[in-house]
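Understanding the architecture of this molecule
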Amino acid sequence: MSTFADVVARDLRLALRQRGDAVMVVLFFVLTATLFPFAIGPEANLLARLAAGVIWVTALLAVLLSLERLFLADFDDGSLELLALAPTPLSLTVLAKVLAHWLTTGVPLIAAAPLIALLYNMDETALPALMLAMFLGTPSLSLTGAIGAALTLGARRGGVLVPLLVLPLYIPVLIFGVAAIDAALAGLSARPYLLFLGAIFLVTLVVAPLAAAAALRQAVE
Amino acid sequence: MSLFSGRDLVCVRGERQVFADLAFDLAPGGALLLSGPNGSGKSSLLRLMAGLLRPAGGTLTWDGAPVADDPETHRARLRYVGHLTAVKPVLTAAENVAFWARQAGAGVADVERALAGFALTPLAHVAGRLLSSGQRHRVALARLLAAPGDLWLLDEPSVGLDQASLAHLSAAIAAHRAAGGRVAVATHTPIDMPDAQTLSLAEFARAAPVSGGSGW
């Protein structure tokens, strides 16, 4: 278990010492979200209605943008070979790397989401639902994304392939994430949608590390 | 006496058969020197021994038991140094070595000794990006000393090393073998290893492609 914590600590330290990557994700999220009002127009009611969708779509794209660096640097410098050769099961190492990825992308996105909600004049009664939905949904994005990132490692221009592979798998998270916020805005319970997000998280928590580890073994062969 | 052996090993890379019917035995304290021209499969054999590559045929056994049955145990006893150094540019030399030592299950105390073994002590707190390629290679080799392992698999360990570092490498290998460790080395430059068995891979090469088509 200590090797698990070591991988998380190393990836966090790497992210901290090359801060640009993590900052870029949040910056992309905030900047893209602020572009919509310029394109759609400043009508307050319309923006409030769009808020949930805009937040989720831009968060998805921001995560997508960060996926490439999940394994690529380790693949290029040979670290991935050594991780595959370590006695720790590779799926556990993948889980550690995904956790570090979520801490450096998912958590900043969750922190920035209320800012966008404020910008769009979203009703604050839906804020708890938004935060909870993001909290349950973003880990699934990192986990599912790891499969795509691992599968495209060997391919040239893998960065182009990742969205094609991963975006369809993101759609359930998008649907239930937006539905949770819409329900809260309509004065209904967001609980069923949050439970669905939780279920998706639990499934990907089991499947994604195994699938990504298998893909990584192919990549280092 | 436990033997690490391979029998009838076949390696296929991208539709091309690299070698076939290859056999070797590596006893405790033994050394295996892999020789052969470029592309004869030296690196592939080392990766096969490590378990990174699956053999297209044949078996690897440790003490009579197939390695494929218990890959975790095999991974715990092997230390692999390949062409890539896995040195992170933003971590210091000591941090790089310490991380891999802990991954292999060793304490931090070994790190200083490992760095000293390759004369890296003055560079311990220098970031990886500031190291020269030879120094980075020495950091990769220091991983061997940081976490003891029975089987060392070294792919071109002498590339980019100066005379002093070569002597360090020879000393490290000698000490490892004296303690009962075994080592397999692929190299073009002679490394001082007394009574090492030489395995010439050119003898096991087969020119014919596996399938009729030439691919694309």
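In this section: the overall build of chain B. Across its full length, chain B holds six helices and nine strands. By the compact-globule yardstick of 17 Å for 216 residues, chain B fits well, its C-alpha radius of gyration being 18 Å. Across its three principal directions, the C-alpha atoms of chain B cover 55 × 45 × 30 Å. Per-residue burial for chain B yields a buried fraction of 46% across its 216 residues. Considering only contacts in chain B between residues 6 or more positions apart, those separated by 24 or more positions represent 74%.

Now for the overall build of chain A. Looking only at helices and strands, chain A features nine helices and zero strands. A compact globule built from 221 residues should have a C-alpha radius of gyration of about 17 Å, and chain A, at 18 Å, falls within 12% of that. Here chain A holds 221 residues, and the buried ones make up 49% of them. If you take every contact in chain A between residues at least 6 apart in sequence, the share linking residues at least 24 apart comes to 80%.

Let's shift gears to the environment of B:His74. Residue and element names in this part refer to chain B. Along the chain, the position of His 74 falls in helix α2 (residues 71–77). Exposure remark for His 74: the 23 C-beta atoms within 10 Å place this residue in the buried category. Along the backbone, His 74 and Met 49 are 25 residues apart, and their C-alpha atoms lie at a distance of 9.5 Å. If near-sequence neighbours (up to four positions away) are discounted, His 74 is found in contact with Gly 51, Trp 62 and Val 67.

Notably, A:Asn121 is not glycine yet its phi reads approximately 60°, a positive angle. In this structure, A:Asn121 sits in the loop between α6 (90–119) and α7 (127–151). The phi torsion at B:Asp21 lies on the positive side, around 55°, for a residue other than glycine. Mapped onto the secondary structure, B:Asp21 falls in strand β2 (residues 16–26).

This paragraph deals with the pairing of strand β4 (residues 57–62) of chain B. Residue and element names in this part refer to chain B. By the bridge criterion, five bridges tie strand β1 (residues 4–13) to β4 in an arrangement that is antiparallel. Residue pairing in the sheet places Ser 5 in a bridge with Thr 61 of β4. As paired strands, β4 and strand β5 (residues 65–66) are joined by two bridges and run antiparallel to one another. Counterpart to Trp 62 in the pairing with β5 is Ala 65. Hairpin remark: β4 followed by β5, antiparallel, with two residues in the connecting loop; positive phi at Asp 63, about 60°.

So, about the pairing of β1(B). All names here are of chain B. Relative to β2, β1 runs antiparallel, the two being bridged by seven bridges. Bridge pairing links Phe 4 to Leu 26 in β2. The turn linking β1 back onto β2 is made up of two residues, and Gly 14 within it adopts a positive phi angle of 50°.

Attention now goes to helix α5 (residues 133–146) of chain B. Residue and element names in this part refer to chain B. The end-to-end C-alpha distance of α5, which contains 14 residues, comes to 20 Å, matching closely the 20 Å that a straight helix rising 1.5 Å per residue would cover. Of all 14 residues that make up α5, twelve are buried, and the element is covered over most of its length. Turning to α5, its buried residues number three or more, namely Gln 135, Arg 136, His 137, Arg 138, Val 139, Ala 140, Leu 141, Ala 142, Arg 143, Leu 144, Leu 145 and Ala 146.

Parameters at a glance
Residues numbered from 1 in each chain as written. Chains lettered and ligands numbered in written order. Predicted model: local features only at pLDDT ≥ 70, side-chain atom pairs only at ≥ 80, totals over all residues. Helix = DSSP H or I, 4+ residues; strand = E, 2+ residues; numbered from the N terminus. Rg over C-alpha atoms; globule rule 2.2 N^0.38 Å. Buried ≥ 20, exposed ≤ 12 C-beta atoms within 10 Å, placed from the backbone. Contact = placed C-beta atoms within 7 Å. Pairing = 2+ DSSP bridges. Expected span 1.5 Å × (residues − 1).

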